[in-house]
Amino acid sequence: MKISFPFTFAGSGSDVWTYNIAEQLKMNGIDTEVTVFPKHFQYYPYLLKSQYDPKDADIVHTNSWTSLGFMNNDRPHVATEHLVVHDPAVSPYKNFAQKVFHSIVFQHEKKAFEKVSGITAVSQYSADRVTEYFNQPAQAIHNGVDTQKFFKKDPDQQLDPRGKGKIKLLFVGNFSRRKGADLLPQIMQKLGPSYVLFTTTGLQEKKVTEASNIFSIGKKNQQELLEYYNYCDIFLFPTRLEGLSLTALEAMSCGMPLVTTDCFSMPELVLDGQGGYLCEKDNVEQFVESVRKIADMKDKGQSLGIFNRERVENSFSLELMTNKYIALYESLL
């Protein structure tokens, strides 16, 4: 069995997901092929038909946004929905260009979903939205994280001197309104000087510095992220919309407690009061209160982190995710 993964570069977690699943399939003895196309093809995926040749692949597996461009009637095709952006609740966080683009994406997805052999989604939230907006069934296969690469270890206390003697928070992701990046300065200003927030620049290389206790650590590779996941005390993630967050899973796998938003797919990951705290969307005061609640009880933070690690091992490992995809492929053949 050979699986082909063609995709257009997105600069997001969907790219990471593609490489993760392809690597895991290879480890299971399944031949895979990953082909990357320039980002601009996402605006007119139908042009990909002349650019892509599945060759000897048995199954083509694509991101739902560009599935239409990789259609081939000779073999089964699986489309994965990473993020349903057509929910009206998301509209306030889009600019005009995004609204126009997403209306085009909707038409591409609609046509693709009518033709593909199977539709999967990275969360139950996304699967339900596919059914709601496209009237098509979708199987939820949760994103997985490599628990061998992201794990709890003794932190390097000298990793970043700016965190010495402080409660250290971490945000990993692109700096967009969808991720709640605009809330970070407000949260940190209210928390005050005894707290610091380390932020990566994400794949889009943006950063915020509107608060004196926010420090950008730039773009980090996997090993460097592992060190910061273990160095910091709390993962702060005030997102407004997630298909399913890979960075939240990585933090959980490293035994971090999370303070995040009680909406979309986040409650599928974080159990309130057991792995962290879920806050009302845009409620800065609640985020501040939840962070302080963990910081004031060190043992509580540790127990939340232990719970998260066990939850990832039992429900969100790459092995579990991969086995579900293999079962799907075999059913289509």
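Conventions and cut-offs
Residues numbered from 1 in each chain as written. Predicted model: local features only at pLDDT ≥ 70, side-chain atom pairs only at ≥ 80, totals over all residues. Heavy atoms only, no water. Helix = DSSP H or I, 4+ residues; strand = E, 2+ residues; numbered from the N terminus. Expected span 1.5 Å × (residues − 1). Contact = heavy atoms within 4.5 Å. Patch = residues over 30% accessible without salt bridge, like charges linked within 9 Å, V, L, I, M, F, W, Y side chains within 5 Å. Areas by Shrake-Rupley, 256 points an atom, 1.4 Å probe, with all protein chains shown as cover. Salt bridge = Lys/Arg side-chain N within 4 Å of Asp/Glu carboxyl O. Pairing = 2+ DSSP bridges. Axes fitted to C-alpha atoms, helices over the stretch in contact; angles between N-to-C directions. Parallel < 35°, antiparallel > 145°, perpendicular 65-115°, else oblique. Nonpolar A, V, L, I, M, F, W, Y, C, P; charged D, E, K, R; others polar. Buried < 20%, exposed > 50% of the residue type's maximum accessible area, 1.4 Å probe, protein only. Right-handed = clockwise from strand over helix to strand, strands pointing away. Phe/Tyr/Trp six-rings, centres within 6.5 Å; stacked < 30°, edge-to-face > 60°.

Visitor: Explain helix 9 (residues 298–315) to me, please; I cannot follow it from the model alone.
Guide: Count 3.6 residues to each turn of an α-helix, and residues three or four apart come out pointing the same way. If you check helix 9, its first and last C-alpha atoms are 26 Å apart, about what 18 residues at 1.5 Å a residue would give, namely 26 Å. As for helix 9, its buried residues are in contact with helix 6 (246–253), strand 11 (258–261), helix 7 (266–269), strand 12 (276–279) and helix 8 (284–295).

Visitor: Can you help me understand the environment of Ser-317 in this one?
Guide: Within the secondary structure, Ser-317 sits in the loop between helix 9 and helix 10 (318–332). Along the backbone, Ser-317 and Met-27 are 290 residues apart, and their C-alpha atoms lie at a distance of 14 Å.

Visitor: Explanation requested: a nonpolar patch on the surface in the structure shown.
Guide: Residues Phe-9, Tyr-19 and Val-36 make up a contiguous nonpolar surface patch of roughly 280 Å² in combined accessible area. Here Tyr-19 lies in helix 1 (residues 13–27).

Visitor: How should the sheet that holds strand 2 (residues 31–37) be read in this particular structure?
Guide: In a beta sheet, neighbouring strands pair by backbone hydrogen bonds and run either parallel or antiparallel. Read from one edge to the other, the open sheet built from 6 strands follows the order 2-1-3-4-5-6, with strand pairing classed as parallel. Bordering the open sheet on either side are strand 2 and strand 6 (139–140), each of which pairs with just one other strand. Direction of pairing for strand 5 (residues 118–121) relative to strand 6: parallel, over a ladder of 2 bridges. Within the sheet, the bridge partner assigned to Ala-121 lies in strand 6 and is Ala-140.

Visitor: Where do I start with the packing of helix 6 against helix 9 in this structure?
Guide: Angle between the axes and distance between the axes: these two values describe a pair of packed helices. Taken N-terminus to C-terminus, the directions of helix 6 and helix 9 make an angle of 115 degrees; their axes are 7 Å apart at the nearest point. Relative to helix 9, the element helix 6 is oriented roughly perpendicular. Judged by residue contacts, Leu-249, Met-252 and Ser-253 of helix 6 engage Gly-305, Asn-308, Arg-309, Arg-311 and Val-312 from helix 9. Taken together, the residues that form the contact of helix 6 with helix 9 break down as 3 nonpolar, 3 polar and 2 charged.

Visitor: Looking at this structure, how should I read the environment of Pro-161?
Guide: Secondary-structure assignment places Pro-161 in the loop between strand 6 and strand 7 (167–171). Classification of Pro-161 as exposed rests on a relative accessible area of 67%. Considered as a pair, Pro-161 and Lys-219 are 58 residues apart in the sequence and their alpha carbons are 18 Å apart.

Visitor: Looking at this structure, how should I read the pairing of strand 1 (residues 2–8)?
Guide: Sheet faces and side chains relate simply in a regular strand, where the side chains alternate between the two faces. A large share of strand 1 lies buried, amounting to 7 of its 7 residues. Residue alternation in strand 1 divides its side chains into two sets, Lys-2, Ser-4, Pro-6 and Thr-8 and Ile-3, Phe-5 and Phe-7, and both sets are buried. The sheet contact formed by strand 1 and strand 2 spans 7 bridges and is parallel. The residue bridging Thr-8 from the neighbouring strand is Phe-37, located in strand 2. Chirality of the crossover, the property in question, places the unit of strand 1, helix 1 and strand 2 among those that are right-handed. Where strand 1 and strand 3 (residues 59–63) come together, 2 bridges link them in parallel fashion. Bridge pairing in strand 3 places Ile-3 opposite Ile-59.

Visitor: When you look at the packing of aromatic side chains in this model, what are you seeing that I'm missing?
Guide: In this description, an aromatic ring pair is defined by two values, namely the gap between the centres and the angle between the planes. Within this structure, the stated rule accounts for 22 aromatic pairs. When the centroid spacing of 5.6 Å and the interplanar angle of 40 degrees are considered together, the rings of Phe-37 and Phe-70 count as tilted. Of the two residues, Phe-37 sits in strand 2 while Phe-70 sits in the loop between strand 3 and strand 4 (77–81), which places them 33 residues apart along the sequence. Among the residues examined, Phe-37 registers a relative accessible area of 10% and is labelled buried. Ring centres of Phe-106 and Phe-134 lie 4.9 Å apart, and the angle between their planes is 25 degrees; this geometry places the pair in the stacked category. With Phe-106 in helix 2 (residues 96–113) and Phe-134 in helix 3 (residues 124–134), this residue pair connects regions lying 28 residues apart in the sequence.

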